[in-house]
Amino acid sequence: MAALLTASALLSACNDSSDNRAPEPSPTNANTLVLSDENAAEALRLTLMEMPYRMPWTLLDLFYYAAQGASQGSCQNDPEGTVDGAMTGSRPDRALFDNCAVEQFGGTTTFMDGLIRFSFDNEQMDSPFTVTMEDYSLRTQRSDPYNEETLTANGTAYISPSTGGMGMGEIRDLNGTLTTTSRQGDSQSPEQVSANWSFKDFNLEIGEGGRGPESLTMDGQLGSDTPLQGSVTVTTHIPLYHSHDDMAINCPDSGDVTIEGSEGTSLNLAITDNETLLVTLNGVTKTYDCDGFLAWAGGSFIF
């Protein structure tokens, strides 16, 4: 459940009440967000700082409850909730849920809906796999006080598990959407907040060392209805890298990443060392030290 809550923090960051779908990338893969002084820091923070942390844990949560529900073979609210699952040994092949309560703890109930399918490359426990999700959702509900959080996923991705603490080392070819909805207050007429994200040919790779994540590579297109209100394309020229030689330093030692928007706009982050970070927005470059950059971006790196 913790990952669902952190996902909601990312996907509904601006408390938008819109129910519109995330902007789908056009057939020509055109970006739709115009990068400017007003949104550059937010675009960088959400893309390079928050997404690498939230995305692996969000997907891990979805996969965890799929395996739990498929292995149980029944729902805790049976017969109102149903699950049709198939397992190969201890691994799920598929699970089809309909209002299935898979966990009840501390006054909170976790429900699953929709279809999820897995295709593993080999029989090893840490085998990479392809996942397909169709209106697949995870919903946590508390009655007193009323609170309901729902995360819905549609699409496909290729996943390589991590040997470290992140759960997933690599997410490749993510194509689809993630939608979060939060309802709270009066259960008869609750306040609702929604946010939607879309991904096209999106890749995220996190390299882990003995002291945690040390490198980050991101490529592909992502879009949202809030807070970005458009789509951008991320290209990693040089992976962001943190040696962990000094754990007190909060910025990478090196890296070069570009975020492309529409109408020829772009944002580039080039890191010479952990105290020299160059931000180039639409051809204009500003140089920051680590503290200055983090203050401008309003966030922190995964390292």
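The coordinates are above.
**Here's the deal with helix H3 (residues 290–297)**
- Buried residues of H3: Cys290, Phe293, Leu294 and Ala297, and no others. Take H3 and look down its axis: the buried residues cluster within an arc of 95°, on one side only. Of the residues in H3, the exposed ones pointing more than 90 degrees away from the buried face are Asp291 and Ala295.
- Check the buried side of H3 and you find it contacts helix H2 (40–72), strand E11 (266–273), strand E12 (276–281) and strand E13 (284–288).
- Directly beyond the C-terminal end of H3, a positive phi value near 75° is found at Gly298.

**Focus: the side chain of Thr110**
- Secondary-structure assignment places Thr110 in strand E3 (residues 108–120).
- For Thr110, a relative accessible area of 1% corresponds to the buried category.
- Here Thr110 is in contact with Tyr65, Cys100, Ala101, Val102, Glu103, Leu138, Arg139 and Thr140, once residues within four sequence places are set aside.

**Details of the pattern of salt bridges**
- Enumeration according to the criterion identifies seven salt bridges in this entry.
- Among the salt bridges present, the one from Glu50 reaches Arg45, with a minimum N-O distance of 3.4 Å.
- Residue classification places Arg45 among the buried residues on the basis of a relative accessible area of 18%.
- For the salt bridge of Arg117 with Glu134, the shortest nitrogen-to-oxygen distance reads 3.2 Å. With Arg117 in strand E3 and Glu134 in strand E4 (residues 129–143), this pair connects stretches of sequence that are 17 residues apart.
- Residue Arg117 is classed as partly exposed on the basis of its relative accessible area, which comes to 32%.
- It is possible to trace a salt-bridge network through shared partners that takes in Glu42, Arg45 and Glu50.

How each quantity is defined
- Residues numbered from 1 in each chain as written.
- Predicted model: local features only at pLDDT ≥ 70, side-chain atom pairs only at ≥ 80, totals over all residues.
- Heavy atoms only, no water.
- Buried < 20%, exposed > 50% of the residue type's maximum accessible area, 1.4 Å probe, protein only.
- Helix = DSSP H or I, 4+ residues; strand = E, 2+ residues; numbered from the N terminus.
- Arc of directions from axis to C-beta.
- Contact = heavy atoms within 4.5 Å.
- Salt bridge = Lys/Arg side-chain N within 4 Å of Asp/Glu carboxyl O.

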